[in-house]
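Chain by chain, the residues run as shown.
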Amino acid sequence: MVRDADMPLGRSVVAVLGTGTSNQVGAATGAMAFPVIGPGGVVAVRQVVAAVTLMAISRPQIRRLGWPQWWPVLALALIFSVMNLSLYTAIDRIGLGLAVTLEFLGPLGVALFASRGRSEWLIAVGAAVGVYVLILPDSSSDLLGVGLALLAAACWAGYILINRIAVTRLPGVQAPALASTISAF
C-alpha cells in the first residue's frame, strides 16, 4: 500500500496490521452469523454498527457539505454496499479463507500499480500464481462465489482510491461515517 509520507513507518505498519486484523476478524465473526441472519443480515448489522460508531466519533456537519464533499461520500456508500454484500455472499458460497484471499487482490492491485520497483512486480507475480492455484477450476468450483469475491476486491480498490479524495474534502473519518450511514439504510 502507498504510505502517507507524513506518517512514521512504525505507525504505518501498525495501521496496516490493525486494519487487516479488523477486517479478517469482522469477516470471521460475520460468517458465524450466517445461519441466523444470512449474508444480507450480516451486512446490515455491520453497516449499522459502523455508522453508529463512526458518526459518534466524527460528528460531521451535514448541512455545510456541498457537492464536492457529497460525491465521494455517495461513491463510498455504493462501494460499501456492493463490497460487503458481494464479500459476505462469496464467503457463504466459497468459504472465508478463499473469499478474503481473493478480496485482498483489490488493495494488492492498488499497491502494485503505485509501485515502481522490479522486486514488487516479482512478488505480485508470485501472489498471482498462488491465487490462481487456490481457484483452479474443477467440477466443484463455485464460479459465482469466486466472481463475487473478485467484485469485492474491485470495490476495495475503489474504496482506497475514492477515500484518498474524500479525506482531502472531509476531515478524519467523516466521509466513511456518512457513507456507512447511507449504506446502512
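A brief look at the structure comes next.

Let us look at the overall build of the protein. Helices and strands together make up the secondary structure of the protein, namely eight helices and zero strands. Secondary structure elements of the protein occur, N-terminal to C-terminal, as α-α-α-α-α-α-α-α. The C-alpha radius of gyration of the protein comes to 17 Å, within 12% of the 16 Å expected for a compact globule of 185 residues. With the principal axes as the frame, the protein shows a C-alpha extent of 55 × 45 × 30 Å. Out of the 185 residues in the protein, the part that is buried amounts to 36%. Pairs at least 24 residues apart make up 83% of the contacts formed inside the protein by residues separated by at least 6 positions.

On to the packing of helix α4 (residues 96–103) against helix α7 (residues 143–169). It is the contact of α4 with α7, at a shortest axis distance of 7 Å, that shows an interaxial angle of 40°. Of the possible angle classes, the one that applies to α4 and α7 is oblique. Note on packing geometry: the crossing formed by α4 with α7 is right-handed. Listed contacts from α7 to Ala-99, Leu-102 and Glu-103 of α4 are Val-146, Ala-149, Leu-150, Ala-152, Ala-153 and Trp-156.

Once that is clear, we can look at the side chain of Ser-86. Following the sequence through the fold, Ser-86 ends up in helix α3 (residues 67–94). For Ser-86, a relative accessible area of 4% corresponds to the buried category. Non-local contacts of Ser-86, meaning those with residues more than four positions away in its chain, are made with Leu-148, Leu-151 and Ala-152.

Calculation criteria
- Position numbers for residues start from 1 in each chain and track the written sequence from start to end.
- Local features in this predicted model are restricted to residues of pLDDT 70 or higher, and side-chain atom pairs are both shown and tallied only at a pLDDT of 80 or more, whereas totals for entire chains, interfaces and linings draw on every residue.
- With hydrogens and water stripped out, all remaining heavy atoms of the structure feed into the side-chain values.
- Elements are defined by DSSP. Helices are runs of H or I of four residues or more, strands are runs of E of two residues or more, and each kind is numbered from the N terminus.
- Atoms counted for the radius of gyration: C-alpha only. Globule rule: 2.2 Å times the number of residues to the power 0.38.
- The cut-offs for exposure are 20% and 50% of the maximum accessible area for each residue type, with area from a 1.4 Å probe on protein chains only; residues under the lower value are buried, those over the upper are exposed, and the others partly exposed.
- The contact criterion used is simple: two residues touch if any of their non-hydrogen atoms lie within 4.5 Å.
- A fitted line through C-alpha atoms represents every axis, and for helices the fit uses only the stretch in contact; the resulting angles, taken between N-to-C directions, go from 0 to 180 degrees.
- Between 65 and 115 degrees an angle is taken as roughly perpendicular, under 35 as roughly parallel, over 145 as roughly antiparallel, and anywhere else as oblique.
- A crossing counts as left-handed when the near helix is turned anticlockwise from the far one by less than a right angle, and as right-handed when that turn is clockwise.

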